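Structure assessment
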Amino acid sequence: MTESLTVLTALLPLGVFIVYQTLTNGNVYTTEKVDIEYDYIIIGAGSAGSVIANRLSEDPSIRVLILEAGGKENVVSDIPLAAAMIQQTPLDWSYQTEPQKAAGFGLINRRVRWPRGKVLGGSSVLNYMLYVRGNRRDYDRWEREHGAYGWSWRDVFPYFLKAEDNRDPLIANNVTYFCLDVSTGFHGRGGYLTVSTPPHVMPLAHAFVESGKFLGYPNIDYNGPQQSGFAIPQGTIRRGARCSTSKAYLRTSSGRSNLDVLIFAFVTKIIFDENPRARAITYDKFGVQHTVFARKEIILCAGTVNSPQLLMLSGIGPRKYLKKLGIPVLVNLPVGKNLQDHIYPGALSYVVDQPVTAFLPRAFTLPNIIRYFTKGEGPLTLFGAVEGLGFIKTKFANITDDYPDIEIHFLSGSVVADIGNSFRSNQGITDELWEKVYAPYLGQDTFSLFPVLLRPESRGFIKLRSSNPYDAPIIDPCYLTKEKDILTIVDAMKKCLALAQTLPFRRFGTRLIFDVFPGCETYKPWSDGYLACLARTLTYTIYHPVGTCKMGDPRDPSTVVDPQLRVKGVAGLRVVDGSVMPTITSGNTNAPIIMIAEKAADMIRGINTVPLTH
């Protein structure tokens, strides 16, 4: 791996030229000179903020400023297979949770690593690029159960289409099942966000899809009429390279004279007048404090961690807690509560006897690097080695409804696929567990089945550590504190074990990595108790935290923003990011967050989109 990265580093000058001239078609124009006042100020240039900046600045009469605490993407972050290498770099906030009481027993200090994007494009620069809209029932529940009026599937579906530029030949060629017409079909063309399956697929990915049929699940487009099934994943990829929201939205708009993009600008507070109305923000750029004013609105797009942090620093949050920190309370709201996340047990990995996996030392070779930079092809285009998605139902789901409660992530690799260079550190595995379970398998071809809990019942919170904006907040997702969560995961693990025993996988000599995990010795191997112990030992986030600024009926005391995403009790302030989700969507969250931003932009501009029925 070290030799491969040395070759990659040596090719960086060539890579920069090729990627930015051939693949990315330009760069984001940033500014150093900021005016004293704008119509709209957007805090955070991530998956949501980049979209809002683009859409609002379409009106030449509107002046927009967007601020980002980090810098720009780079040549490595553009490589899909290098997703894990970006974690714990300057592009990452590198958060960690508080020690977990019911999970993460095999992780250092029981803390789960929480990567969050600190870069133009936000977490769309760090994620594994999977494009999953979720299930239509998710959005209907937002409206029906939480009072998020105007956010039913019928209302949000047009915004998925508006954002999407689907270039997937697997979908386009299946004209009898799918339709690419944006007014009647399930996919859109002509939007800013390029979506496709990867140009390179390993043999095991096809085995995964075929194995799903043994469990009764068809090969489907999970963003189409049915979610239950197995598929080669669709992702935000453009000509073989990552298509972040920075690339998709900011690079096409940052040359506009009415849009200023400011990087390395850490916003420390929102300032209100006596009404109270959000009037200005203060930000720190290289140690110097600045203030800038908003004529119309301030739009908070800092994400599920930083949006509630900034609201609380500005006096909006739980009264008792803010007073304890000496922060003057402007509005008493449940900011930081309702935290939800998708997690998975990382214990189900397998060895195969053929070179058919994304073994990183074999992937990052000089020929593959050249192939990637010149043609946008080869194994470096894999979505962080996630090569298959399966949406399945456990015994706790309604068997008659198309509402899967588990999403299986199939990876043509495992924690040992990079010989212990990045994955082990990123996941925070203890030395004892690493040496006993994984070290013996270094250098071997492996794959993994990760059953992701789609609708967890456990709820956590985010709090301020202090009144100092530079202190990382307290993050406690309270993983697996609800019994149904662990029961559902155990049933899903059983299904994954059965999946790996099907003929498509057995052809590759599949063998489970089996060494009794430290702490699980008292359980009979592969019993429900043992599986539960595995899940509580290796508990990982799939990077989907949401819910800390809950949207819904403004009369509901559990909500922070109304269905127009306006913060309750003040004027001139909205939150537009994953933190507004009342409940987490049944799938990867990047596409829904982009949808939220597309819809919010129309709300702000007073544009009405006719709902579509599908």
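Please refer to the structure higher up on the page.
Residues numbered from 1 in each chain as written. Predicted model: local features only at pLDDT ≥ 70, side-chain atom pairs only at ≥ 80, totals over all residues. Heavy atoms only, no water.

1. Some details on the overall build of the protein chain
Note the following rule: Helix numbering and strand numbering both begin at the N terminus, where a helix is a DSSP run of H or I of at least 4 residues and a strand a DSSP run of E of at least 2. Atoms counted for the radius of gyration: C-alpha only. Globule rule: 2.2 Å times the number of residues to the power 0.38. Each residue gets one of three labels from its accessible area relative to the maximum for its type: buried under 20%, exposed over 50%, partly exposed in between, using a 1.4 Å probe on protein chains only.
Helices and strands together make up the secondary structure of the protein chain, namely 18 helices and 25 strands. At 23 Å, the protein chain has a C-alpha radius of gyration in line with the 25 Å of a compact globule built from 614 residues. Across its three principal directions, the C-alpha atoms of the protein chain cover 70 × 50 × 50 Å. Taking all 614 residues of the protein chain together, the buried fraction comes to 65%.

2. A word on the nonpolar core
Worth spelling out the cut-off: Note on terminology: a nonpolar core comprises buried Ala, Val, Leu, Ile, Met, Phe, Trp, Tyr and Cys residues joined through side-chain atoms within 4.5 Å. Note on contacts: a residue pair is in contact if any heavy atoms of the two residues lie within 4.5 Å.
F208, I408, Y438, L449 and F517 are the most contacted members of the largest nonpolar core, which has 104 residues in total. It is helix α15 (residues 483-500) that contributes the most residues to this core, nine residues altogether. Sequence-distant contacts of L449, that is, excluding residues within four places in its chain, are made with F208, L348, Y350, I408, H409, F410, C496, L499 and A500. Of all hydrophobic cores here, the second largest spans 90 residues; its members include Y159, C301, I327 and V561.

3. Comments concerning the sheet that holds strand β20 (residues 446-453)
The following threshold applies: DSSP bridges decide pairing: two strands pair if at least two such bridges lie between them. Between N-to-C directions, angles cover 0 to 180 degrees, with each direction set by a line fitted to C-alpha atoms, over the stretch in contact for helices.
Across the sheet, which stays open at both edges, the six strands sit in the order β7-β18-β19-β20-β17-β23 with antiparallel pairing between neighbours. The open sheet has two edge strands with one neighbour each: β7 (229-231) and β23 (511-512). In this sheet, β20 lies alongside strand β19 (residues 406-411) in antiparallel orientation, the contact comprising six bridges. Paired with E407 across the strands is V452, a residue of β20. Against the sheet, helix α7 (residues 203-214) touches β7, β18 (386-392), β19 and β20, its axis set at about 165° to β7.

4. Re the state of the cysteines
Defined as follows: Any cysteine sulfur atom paired with another within 2.5 Å is treated as part of a disulfide.
The tally for this structure, following the rule as stated, stands at one disulfide. Put simply, C520 and C533 are joined by a disulfide, and their sulfur atoms are 2.0 Å apart. Residues C520 and C533 are joined by a disulfide whose S-S torsion is about -90°; by sign, that bridge is left-handed. One end of the pair, C520, is in the loop between β23 and α17 (528-537); the other, C533, is in helix α17, and 13 residues separate them in sequence. By relative accessible area, which is 0% here, C520 ends up buried. Cysteine C478 is unpaired, with the sulfur of C549 as its nearest cysteine sulfur at 17 Å.

5. Structural notes on α17
Burial analysis of α17 places seven of its ten residues in the buried class, the great majority of the element. Those residues of α17 not exposed but buried are Y530, L531, A532, C533, L534, A535 and T537. Where α17 is buried, its residues meet β16 (343-345), α14 (431-438), α15 and β24 (539-541).

6. Some points on the pairing of strand β10 (residues 259-262)
Every second residue of β10 is oriented toward a common face, with L259 and V261 on one face and D260 and L262 on the other, all of them buried. Pairing of strand β2 (residues 64-67) with β10, which is carried by four bridges, proceeds in the parallel orientation. Residue pairing in the sheet places I66 in a bridge with V261 of β10.

7. Structural notes on the environment of I607
Looking at the element boundaries, I607 is found in the segment after α18 (590-605). Separated by 206 residues in sequence, I607 and D401 place their C-alpha atoms 34 Å apart.

8. Here we look at unusual backbone geometry
For the peptide bond that leads from N275 to P276, omega is -5°, which places it in the cis range. Relative to the assigned elements, P276 resides in the loop between β11 (266-272) and β12 (278-285). Located in the positive-phi region is W526, a residue other than glycine, with phi close to 70°. Structurally, W526 can be placed in the loop between β23 and α17. You will see that Y543, though not glycine, has its phi angle at about 75°, which is positive.

9. Details of the pairing of β11
With five of its seven residues buried, β11 lies for the most part within the structure. Sheet analysis places β11 next to β12, joined by six bridges and oriented antiparallel. Across the sheet, the residue bridging to I271 is A280, located in β12. Hairpin connection from β11 to β12: five residues lie between these consecutive antiparallel strands.

10. Examining the environment of F286
As for its placement among the helices and strands, F286 is situated in the loop between β12 and β13 (288-300). Through-space distance from the C-alpha of F286 to that of V267 is 12 Å; in sequence the pair is 19 residues apart.

11. So, the side chain of D165
Rule in force here: In the analysis that follows, any N or O atom pair within 3.5 Å is treated as a polar contact, provided that within protein one partner can donate a hydrogen and the other can accept it, and provided that, for residues neighboring in sequence, both atoms belong to side chains.
In this structure, D165 sits in strand β5 (residues 164-166). When its relative accessible area of 11% is taken as the criterion, D165 is described as buried. A polar contact is formed between the side chain of D165 and the side chain of R167, at a distance of 3.1 Å. Aside from chain neighbours lying at most four places away, what touches D165 is G188, R189, G190, G191, L193, T194 and V195.

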